Amino acid sequence: MKRVIGLAMGAALACTGAMVAAQNDTTPAPPAAPAAPAAPSENEGDAPKPAPSAFLPTPLGAGPWDFQTEKAKVHVEVVTKGLERPWGMAFLPGGDMLVTERPGRLRIVSKAGVLDPTPIAGLPEIYNVGLAGLMDVVLHPNFAKNRLIYLSYSKADPADPKNTTLAVLRAKWDGSHQLSDVKDIFVADAWFGKEPVPARCCGQGPVYGSYGGRMAFDGEGYLFIASGERNYGEMAQKSDNHFGKILRLNDDGSVPDDNPYVGDKDWKPEIWTTGHRNPTGLTVDPDFGEIWSTEFGPRGGDELNRIQRGQNYGWMDVTQGHHYDDTPAKFIKGEAGFVDPLAVWGPPSSNPGNLTFYHGRKFPGWDGNLIIAMMNKSLVRVEFDAKGNPSGKQEAMLQDLKQRLRDVRQGPDGNLYILTDEKEGAMLRLTPGK
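Just so you know, the residues in each chain are numbered from 1, in the order the chain's sequence is written. Totals for whole chains, interfaces and linings use every residue, but because this is a predicted model, local features are given only for residues with pLDDT of at least 70 and side-chain atom pairs only at 80 or more, for both listing and counting. To get the side-chain values, all heavy atoms of the structure are used, and hydrogens and water are removed first.

**Student:** Help me understand the pattern of salt bridges, please; the structure alone is not making it clear to me.
**Tutor:** In a structure, side chains of opposite charge can pair up when their charged atoms sit close to one another. We define a salt bridge as a side-chain nitrogen of Lys or Arg found within 4 Å of a carboxyl oxygen belonging to Asp or Glu. This model, assessed by the stated rule, comprises 23 salt bridges. Among the ionic pairs, lysine 393 bridges to glutamate 70, the shortest N-O distance being 3.2 Å. Here glutamate 70 lies in the loop between β1 (65-68) and β2 (73-83) and lysine 393 lies in strand β21 (residues 390-397), a separation of 323 residues in the sequence. Notably, a salt bridge pairs glutamate 101 with arginine 107, separated by 3.1 Å at the nearest N-O pair. The same class applies to glutamate 101 and to arginine 107, which are both buried. Overlapping salt bridges bring together Glu70, Lys71, Arg381, Glu383, Lys393 and Glu395 as one network. Working definition: helices are DSSP H or I runs of at least four residues, strands are E runs of at least two. Numbering for both runs from the N terminus. To sort residues, take the accessible area from a 1.4 Å probe on protein chains only and compare it with the maximum for the residue type: under 20% means buried, over 50% means exposed, and anything in between is partly exposed.

**Student:** When you look at the side chain of glutamate 101 in this model, what are you seeing that I'm missing?
**Tutor:** Residue placement: glutamate 101 occurs in strand β4 (residues 97-101). Polar contacts, as counted here, are pairs of nitrogen or oxygen atoms within 3.5 Å of one another; within protein the pair requires one atom able to donate a hydrogen and one able to accept it, and residues that are adjacent in sequence qualify only if both atoms are side-chain atoms. Within polar-contact distance, the side chain of glutamate 101 engages the backbone nitrogen of glutamate 84 at 2.6 Å. A distance of 2.7 Å separates a polar atom in the side chain of glutamate 101 from a polar atom in the side chain of arginine 105. Dropping the residues within four chain positions of it, glutamate 101 is found in contact with Gly82, Leu83, Glu84, Arg85, Pro86, Arg107 and Leu134. Contacts were defined at the residue level, with two residues in contact if any of their heavy atoms lie within 4.5 Å.

**Student:** For this particular structure, what's the right way to read the pairing of β1?
**Tutor:** Across a regular strand the side chains alternate sides, sitting on one face of the sheet and then on the other. Here β1 shows a buried face lined by Trp65 and Phe67 and an unburied face lined by Asp66 and Gln68. Note on pairing: DSSP must find at least two bridges between two strands before they are called paired. With four bridges joining them, β1 and β2 adopt antiparallel strand pairing. Each residue of the ladder has a partner; that of tryptophan 65, found in β2, is valine 76. Where β1 hands over to β2, the hairpin turn is made up of four residues, counted between the paired strands.

Here it is, written out as structure tokens:
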């Protein structure tokens, strides 16, 4: 049964918190220099203090925390701290977890919540400037037997370290602190950053942004990879590159024979869909087999998309966001030949991270709901009806933690696990409250 969704989430989520800087876009302007202090007065101690900047990190407390959501009480606890900019996680058969850190480390977190102090060795050189770095980690569907893992990362050209792209490696991991048989199975034809940088319209962001990087295996064993448009949106509508595309590969990196553009000399054969900006969320709903993605817009225009074979999702010809230099969008929505997003956030931007469909009985009323980690410091729940259609209800949660949320997954224990996108990052566990 196919889902049909048509949500306008921007207004519903306007209360989800202060806007943070778009992850792969222009860096927020530094705060203005403070004015000279006024002469002391009798009431100086009662004078209101300026509000803290929305861009400054808020330290995460020790927890735990209990929240009353619309349908149930939830309990949030810290699994582990000590992570730096954690990006992706994967659950191992025994209950332990692998976690990536954007600066370029692969870590082990035990089922008991103990962070192994020694990172796993054997990674290639990883480009780590700005928002580039080590990104997602997924296990091969037959990991229990073949011990294969996949990692996405930012790769620099040895001949010019400013020229970078997205790459995916495959390696064997036997549970030790060392990878073996490490090999790039895919290197995106999305090299960018070499000087002189081409002229670009619309005030796009820095050359070291918008890598995408999220991955997912579907139920048939195909690997889907989200490749961002690298803040070079003019390339996303071109068919001869991997800028702004979602790709479909076999588990060894080869191209499936039934990809939509195989045999067409004008198209890269890895392409499954095109017209994406910076998709940083990618998941497969196990109940319906559908692939869903979240995607950064510019100022606003953040998207939720159902990913369908051979479709064009519009960027940068179609966007409901606002270009950074106020250049008008070519089209907004409803254009023939393009798929409109199923939900749009902002302005202000919500900056969606990864997403997952919750299936289980631990959280009353949540079965079949879509859960999205937002970097505007909220966890968003989207409801669907029993027929797989949206009910139009959304709920923003966990804003009181004031943490940028990067990844969310349902664990084998039925609970939800969340990574905070902070320099002093953490893994959180969300369980039913009492």
